[in-house]
Amino acid sequence: MTAAQVADEFSRAAKVLVRHFDERLGEHGVSTPRSRLVVEVARSQPVRVTELALAIGITQGTASSLVEALVRDGLLERQASADDRRSVFLRVTAQGAALAQEWTAGYERAAEELFSPLSSEQLSTLAGILRILSAAERSADGAAQLG
């Protein structure tokens with residue numbers, strides 16, 4: 001099998017994965033990007049938008065737009081830094097924290113459904129392969145930024 005064939009298989013599997021998570025999270029009335037953002041804020045709060053965007057792999061502009069909507073919806077709140085009033089941190093509200101727990105449980109159930117055909121050993125192997133690919137990409141990004 002060629003690298004291009006593997007890339008094609010990976011692309012098809014990624015589309016299935018995204019569709020599955022979107023459907024399951026849609027049952028909870030939320031999109032995958034919105035749920036990922038709220039869950040990440042709950043996990044790492046207080047957090048700046050730039051750190052949040054980096055953590056979930058989206059642009060700062062996209063993160064800012066999502067944050068604005070989530071603040072409007074009462075799921076996130078902004079808090080000025082005590083040290084620097086220009087620096088703003090994000091926290092989840094009580095409602096956001098409750099929904100983050102619900103969405104995390106839905107995400108975990110969807111992952112169990114999706115990966116149920118794989119054995120524990122296959123899951124470990126797949127996770128290892130994905131870590132290698134991610135690390136290689138981060139290394140390439142770092143090298144490109146230095147050059």
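Since the model is a prediction, treat every value here as computed from it, not as a measurement. (Residues numbered from 1 in each chain as written. Predicted model: local features only at pLDDT ≥ 70, side-chain atom pairs only at ≥ 80, totals over all residues. Heavy atoms only, no water.)

Student: Mind showing me how you'd approach the packing of helix 1 (residues 3-26) against helix 5 (residues 94-115) here?
Tutor: Between two packed helices, both the angle of their axes relative to each other and the distance between the axes serve to describe the pair. Between helix 1 and helix 5, the shortest axis-to-axis distance is 9 Å and the interhelical angle comes to 140°. Accordingly, the angle class assigned to the pair helix 1 and helix 5 is oblique. Relative to helix 5, helix 1 is oriented so that their crossing is right-handed. Residues Val-16, Leu-17, His-20, Phe-21, Arg-24 and Leu-25 of helix 1 form the contact with helix 5, whose participating residues are Trp-103, Tyr-107, Ala-110, Ala-111, Glu-113, Leu-114 and Phe-115. Its residues placed into classes, the contact of helix 1 with helix 5 shows ten nonpolar, one polar and two charged. (Axes fitted to C-alpha atoms, helices over the stretch in contact; angles between N-to-C directions. Helix = DSSP H or I, 4+ residues; strand = E, 2+ residues; numbered from the N terminus. Parallel < 35°, antiparallel > 145°, perpendicular 65-115°, else oblique. Left-handed = near helix turned anticlockwise from the far one by under 90°. Contact = heavy atoms within 4.5 Å. Nonpolar A, V, L, I, M, F, W, Y, C, P; charged D, E, K, R; others polar.)

Student: Sorry, what's going on with the packing of aromatic side chains here?
Tutor: Note on aromatic pairs: each is described by the distance of the centres and the angle between the planes. A full pass over the atoms with the stated rule returns one aromatic pair. On the numbers, 4.5 Å between centres and 15° between planes, the contact of Phe-21 with Tyr-107 is stacked. Of this pair, Phe-21 sits in helix 1 while Tyr-107 sits in helix 5, and the two are 86 residues apart along the sequence. (Phe/Tyr/Trp six-rings, centres within 6.5 Å; stacked < 30°, edge-to-face > 60°.)

Student: Can you help me understand the nonpolar core in this one?
Tutor: Leu-37, Val-41, Leu-52, Val-67, Leu-76 and Leu-90 are the most contacted members of the largest nonpolar core, which totals 20 residues. Of all the secondary-structure elements, those providing two or more residues to this core are helix 2 (32-44), helix 3 (49-56), helix 4 (60-72), strand 2 (88-92) and helix 5. Among residues more than four places away in sequence, those in contact with Val-67 are Leu-37, Val-49, Leu-52, Leu-76, Arg-78 and Leu-90. (Core = buried A, V, L, I, M, F, W, Y, C linked by side-chain atoms within 4.5 Å. Buried < 20%, exposed > 50% of the residue type's maximum accessible area, 1.4 Å probe, protein only.)

Student: What is the right way to read the environment of Leu-114 from this model?
Tutor: Topologically, Leu-114 is positioned in helix 5. When the C-alpha positions of Leu-114 and Ser-44 are compared, they lie 27 Å apart, and in sequence the two are 70 residues distant. When sequence neighbours within four positions are dropped, the list of residues in contact with Leu-114 reads Val-16, Leu-17, His-20 and Phe-21.

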